[in-house]
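Single-letter residue listing:
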Amino acid sequence: MDTNALRSFVRAAELGQFQHAADELGVTQQAVSKRIATLERELEVRLFTRTARGVELTLDGQAFLPHAQSIVAGVERAITAVRPGSRALRIDVLGLRSAQAVVLHDYWRSHPETNLDVVTLRVNDPRVAVAAIEAGDIDASFRTVTDPAALPPGLRMIHAFDTPLELLVGPRHPLASARRLTPPQLRKHRIWVPGIAPRSEWADFYDQLAAAFDLRIDAAGPHFGDEVLLDTLAESADVATLVGARDRYIWPTNHDLRRIPIVNPALAYPLSLILPGTNPHPELRGIIAHLKTLPRLPDTAWLPSWATTPQLGDDGIENARDPRPGPRPQRQRRQG
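Note that the structure is predicted; figures quoted are calculated from it, not measured. (Residues numbered from 1 in each chain as written. Predicted model: local features only at pLDDT ≥ 70, side-chain atom pairs only at ≥ 80, totals over all residues. Heavy atoms only, no water.)

## Quick notes on the overall build of the protein
Along its length, the protein carries 10 helices and 13 strands. Looking at the 336 residues of the protein, the share that counts as buried comes to 46%. Contacts in the protein between residues far apart in sequence, at least 24 positions, make up 74% of those at least 6 positions apart. (Helix = DSSP H or I, 4+ residues; strand = E, 2+ residues; numbered from the N terminus. Buried < 20%, exposed > 50% of the residue type's maximum accessible area, 1.4 Å probe, protein only. Contact = heavy atoms within 4.5 Å.)

## Thoughts on the pairing of strand 1 (residues 48-51)
Across four bridges, strand 1 lies against strand 2 (residues 54-57) in antiparallel orientation. Bridged to Arg50 within strand 2 is Val55. The turn joining strand 1 and strand 2, which pair antiparallel and follow one another in sequence, is formed by two residues. (Pairing = 2+ DSSP bridges.)

## Here's the deal with helix 2 (residues 18-25)
When we look at burial in helix 2, the residues that qualify are Phe18, Ala21 and Ala22. All buried residues of helix 2 lie within an arc of 100° about the axis, which places them on one face of the element. For helix 2, the elements touching its buried residues are helix 1 (3-15), helix 3 (29-43), strand 1 and strand 2. Two residues or fewer past helix 2, Gly26 is found with a positive phi of approximately 75°. (Arc of directions from axis to C-beta.)

## Side note on the layout of surface pockets
Size it by volume and the largest pocket reaches roughly 1100 Å³. Contributing elements (two or more residues each) for the lining of the largest pocket: helix 5 (99-110), strand 6 (155-169), helix 8 (201-213), helix 9 (226-235), strand 9 (239-244) and strand 11 (266-276). Of the residues forming the lining of the largest pocket, the biggest block, four residues, is contributed by strand 9. Here the residues of the lining of the largest pocket sort into 18 nonpolar, 11 polar and seven charged. (1 Å grid on protein atoms, 1.4 Å probe; cavity = no way out; pocket = protein on both sides within 12 Å on 5 of 7 lines; lining within 4 Å. Points joined across faces, edges and corners; volume = space filled by probe spheres on them. Nonpolar A, V, L, I, M, F, W, Y, C, P; charged D, E, K, R; others polar.)

## Topic: the side chain of Ser141
As for its placement among the helices and strands, Ser141 is situated in strand 5 (residues 140-141). Of note is the side chain of Ser141, whose polar atom sits 2.6 Å from the side chain of Asp92. (Polar contact = N/O pair within 3.5 Å; in protein donor to acceptor, adjacent residues only side chain to side chain.)

If you want it as structure tokens, here you go:
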């Protein structure tokens, strides 16, 4: 079936006039009429009736329209997938206050000419983000597929950066006066991380973290938003939570919350970037170069077993890499 004919049909149906569709498509009204006439002959139905104000869909046309729209959208995604430079770079982040969004904002401030579209898919399963990249809906996603064998062969996952964790507490918490904390000092304290979603990468992260340091990670209750979490911390004498050092949180001054670094070892959340294995959006190269300039972790840091190690490819872009086998409650990370 002629996709140009389908596109002409869809735009004529949406705009209500052949001439408006022709103007948008950059062809003559006669060309639009011929395309739709050919489509009607192929389908053996009438798709439009003419009115004093333009055209209206017949019942057959109404039934055909949503399917035609789906086909046209699929064709557009296919074209975009092989010509990614034709539109803004679209990157998925976990949240607009997350470390990923903060890093992207820093990059954009230094490169304001970058045509960047930051989106949040609002999904917990990284496989959904993977499917969106495969479909061409997004160009890359700051997600991690913790089992690299589950990553489709047409995609690759590269190391983005590691974000150290901090303990966030209210002024009445027993640890509120500490300037730094070690993981053993967190034991027996309630660390509330509401809404940990099954099958998410962070569910695996918190499972390993709790096991490695005998921490009390409490995922009870739904996550009603950052404001509710911050209000709870401000009022509580026994509840704390973990946040990324680069995550952006804003609270009223009377909350008097404290962000306390965790050291010896630092606890770090590894962030990956998933992107197409071939023909990635050309703007990604600059962002990946920026990621390599971010500060490294301290010499002693803990990461989950699926954390990845950077490997530089011949094209100057990091390639996919395998996670290190087996759990490790602590590992040495050397700078240089």
